[in-house]
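Given next are the chains, with one letter for each unit.
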Amino acid sequence: MNSIYLDHAATSPMHPEVINVMTKAMSEVFGNPSSIHTVGRSARKILDDARWVLAKSIGAKDNEIIVTSGGTEADNAAIFGTAYALKEKGKHIITTQIEHHAVMHACEKLEKEGFEVTYLPVDRSGRITLESFKKALRDDTILVTIMYGNNEVGTVQPIAEIGEILINHQATFHTDAVQAFGIEKLNVDELHVDLLSVSSHKLNGPKGIGFLYQRTGTPLIPISFGGSQEKKRRAGTENVPAAVGFAKAVEIAQQEIELKKEKFKTYRDLFIQQLMNDNITFEVNGNSEHTLQHVLNISFKGMEVESFLVNLDMSGVYASSGSACTAGSIDPSHVLVAMYGNNAEELRNSIRFSFGLGLTDEQIIEAAKRTSTIVKRLLN
Amino acid sequence: MVETRDPSQIRVVVGMSGGVDSSVAAYLLKQQGYDVIGIFMKNWDDTDEFGVCTATEDYDDVIKVCNQIGIPYYAVNFEKQYWDKVFTYFLEEYKAGRTPNPDVMCNKEIKFKAFLEHALKLGADYLATGHYARVEERDGETVMLRGIDQNKDQTYFLNQLSQEQLKHVMFPIGGIEKPQVRKIAEEAGLATAKKKDSTGICFIGERNFKEFLSQYLPAQPGKMETFDGKVMGTHDGLMYYTIGQRHGLGIGGDGDPWFVLGKDLERNVLYVGQGFHHEALYSTSLKAVKMGFTSNEEKPKNFSCTAKFRYRQEDTPVEVEMLEDGTAHITFAEPVRAITPGQAVVLYDGEVCLGGGTIDEVFNNNKKLTYVG
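Residues numbered from 1 in each chain as written. Chains lettered and ligands numbered in written order. Predicted model: local features only at pLDDT ≥ 70, side-chain atom pairs only at ≥ 80, totals over all residues.

Student: In this structure, what is going on with the environment of Thr226(B)? I would like to understand it.
Tutor: By the element assignment, Thr226(B) lies in the loop between strand 8 (222–225) and strand 9 (231–235). Placed 137 residues apart in sequence, Thr226(B) and Tyr89(B) show a C-alpha to C-alpha distance of 30 Å. (Helix = DSSP H or I, 4+ residues; strand = E, 2+ residues; numbered from the N terminus.)

Student: Before we go on, may I ask you to explain the sheet that holds strand 8 of chain B in this structure?
Tutor: Residues and elements named next belong to chain B. Here 4 strands make up an open sheet; going across it, the order is 9-8-11-10 and the pairing mixed. With one partner strand each, in any of the chains shown, strand 9 and strand 10 (258–264) form the two edges of the open sheet. Strand after strand, the sheet turns through a mean of 30° between neighbouring axes, direction not considered. The sheet contact formed by strand 10 and strand 11 (residues 269–274) spans 6 bridges and is antiparallel. From the neighbouring strand, Val 260 faces strand 11, where its bridge partner is Val 272. (Pairing = 2+ DSSP bridges. Axes fitted to C-alpha atoms, helices over the stretch in contact; angles between N-to-C directions.)

Student: Please clarify how helix 3 (residues 79–95) of chain B should be interpreted in this entry.
Tutor: Residue and element names in this part refer to chain B. At Phe 87, helix 3 shows its strongest bend, of approximately 30°. Those residues of helix 3 that are buried are in contact with helix 4 (102–121). Following helix 3 by one or two positions, Gly 97 has its phi on the positive side, about 80°. (Bend = angle between axes of the 7 residues up to and from the residue. Contact = placed C-beta atoms within 7 Å.)

Student: Explanation requested: the pairing of strand 15 (residues 328–337) of chain B in the structure shown.
Tutor: Note on strand geometry: in a regular strand, side chains alternate between the two faces of the sheet. All names here are of chain B. Relative to strand 15, strand 12 (residues 282–293) is paired through 6 bridges, and the arrangement is antiparallel. Across the sheet, residue Ser 283 finds its bridge partner in strand 15, namely Val 336. Two elements, strand 14 (residues 316–322) and strand 15, share 5 bridges in a ladder whose sense is antiparallel. Bridged to Val 320 within strand 15 is Ile 330. Between the antiparallel neighbours strand 14 and strand 15 lie 5 residues, among them Gly 326 with a positive phi of about 80°.

Student: Quick question: what am I supposed to make of the sheet that holds strand 3 (residues 73–77) of chain B here?
Tutor: Strand-to-strand pairing in sheets goes through backbone hydrogen bonds, with the strands running parallel or antiparallel. Residues and elements named next belong to chain B. Across the sheet, which stays open at both edges, the 5 strands sit in the order 3-2-1-4-7 with parallel pairing between neighbours. The outermost strands of the open sheet, each flanked by one partner alone, are strand 3 and strand 7 (169–170). Examined bridge by bridge, strand 4 (residues 126–128) and strand 7 share 2 bridges and lie parallel to one another. Within strand 7, the residue paired with Leu 127 across the bridge is Val 169. Relative to the sheet, helix 1 (residues 20–31) contacts strand 1 (11–16), strand 2 (35–42) and strand 4, its axis offset from that of strand 1 by approximately 165°.

Take a look at the structure:
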């Protein structure tokens, strides 16, 4: 039985070309980019080349890119860095109820430190409204952090519109674009964002690397201390081979973005169509208009997610239920809670399928068929 | 049902706690060629202020062991069911002045019910656990036998399992003695080989019992009295004491040590008396409720067998009289000390565990001991 990986929003396989350039970098360039000698300079050269690719992919300048250990660090650096830098101007932060934990838990920590956080609610499709945002915005708001596309249900927020509202406001505008980057074309000027987080491993790059875009002039207090790498914004010797691989992954993603969108849209339709052919009762969670095409979150009437996922695994279909859980803890997804309320059945019966590199139409149909078989068996 | 299939065609879900017993259970089944899946069950959340949770550490051990054995692993959460079916009962019993046995209830309602159902949903043929007990096919039925290691035998806690449950159960280490289990784990290099056995009630763990209980039930201190009405001191709350208990009374003076003889819930008084063999601690029969049997065969109205009234106690010969309402009157061959309402009475015919019930009332020569609860 061939296995079908439909959990690309959790992490994705590395592209063969990424592995190639990294292998080359690892075997040929080992220097420390901060060293003043020839070996160091050759490392610096490929790091700078990589940084340039990263910057260009979002319409930024290369000195606006802080390379981090991943999306979580980028989010943390943005949120704590801004809050500490602007605390004299106010203590108010605006975010949403559906952020990734890397944002949500950072905001909760700041609340404990005396900052005041507004968590904007979302509608049943997972979208905030501009009205509620405008209502929440105050003169002493110093940070607005709202994710671009949701990792669990795929819903895309009106980032450019929010950015526009904030043009003449003191607040720094951050967006967590970890799930959207490589799927949607992002331009920091069109979005009017000051900070933007990205992770490599979601788009077929290596794990352990990401970046934070910092618009020139946006104040940030560093949260790690040590050497003066990344213009003193992020201490620690750079992970050069990973940066090279990351840049290659970004380059490929940029070229294929439209193609991928089309492809993932087809996958969604095929998957849904197959479930309908099999007479399965289900609802798609999220927003049909404003969505990341690679995330397909489905609520299956009468199902229980725990045994469902294990059965999917045993049938060779690898999916997940929103956020990853530990030791059998089933804190219901805060995203679904925000969308449907505390006692909704969607909290217990929703599965996220997410698409990416290396899939075929046939595999998608096969995965949907196996899903149907399990649903029918368990509902009997 | 006698298995004729090749083990590789038989899927067994092993309930893994992160301890050495269930680790070895999974290991042995894998060695025997079964299609084994390890599942960790989370029933209780004890996450502290630093985010440390026993379950997380135990699940980490399950992951290590499953990777060593080469089997898939998953986790499942039964916190809600556990709270509703086991913990609520546990508190209710304490409120009623009795001493509950949550492990018996957990086996009946969670491990071999909710968890068994979960395993069957995953296409499992059997659910295996690391209990010290055995199952065997006899005349078309599955019988439950004591574990070979008499010191570790856990049938006392499994007495409420029905024939339907037992049909789907495997106890891979029931035929092995504990030291041998450790040895197998060590030889296989399992991560849990040297892990300390858990003690006490699972959700309380190593913590202070009094402190734990006081978080859920208000403690009402009161007087400690002898049956003659002599006040001997104060108690911290009746729920903290169990019949026959010696420690924690704090009564000094001359003569034999003091023991808990009983409770008066209405007056909030703890009865105490001197001497391990105080006559008030002895009884000759009991009434058991919620009787359940491991066999579907109809029981005669009267029968003789042996019984245990608490875990790891020697068997006592008894006469059982089944009553119409599913209760039983059980008469002992000789007086037994410190029988405690709320605990299980478990019946045996030689090696076979017949079933059991919950001790409800206790009698001495047909006179009900009103003070034991």
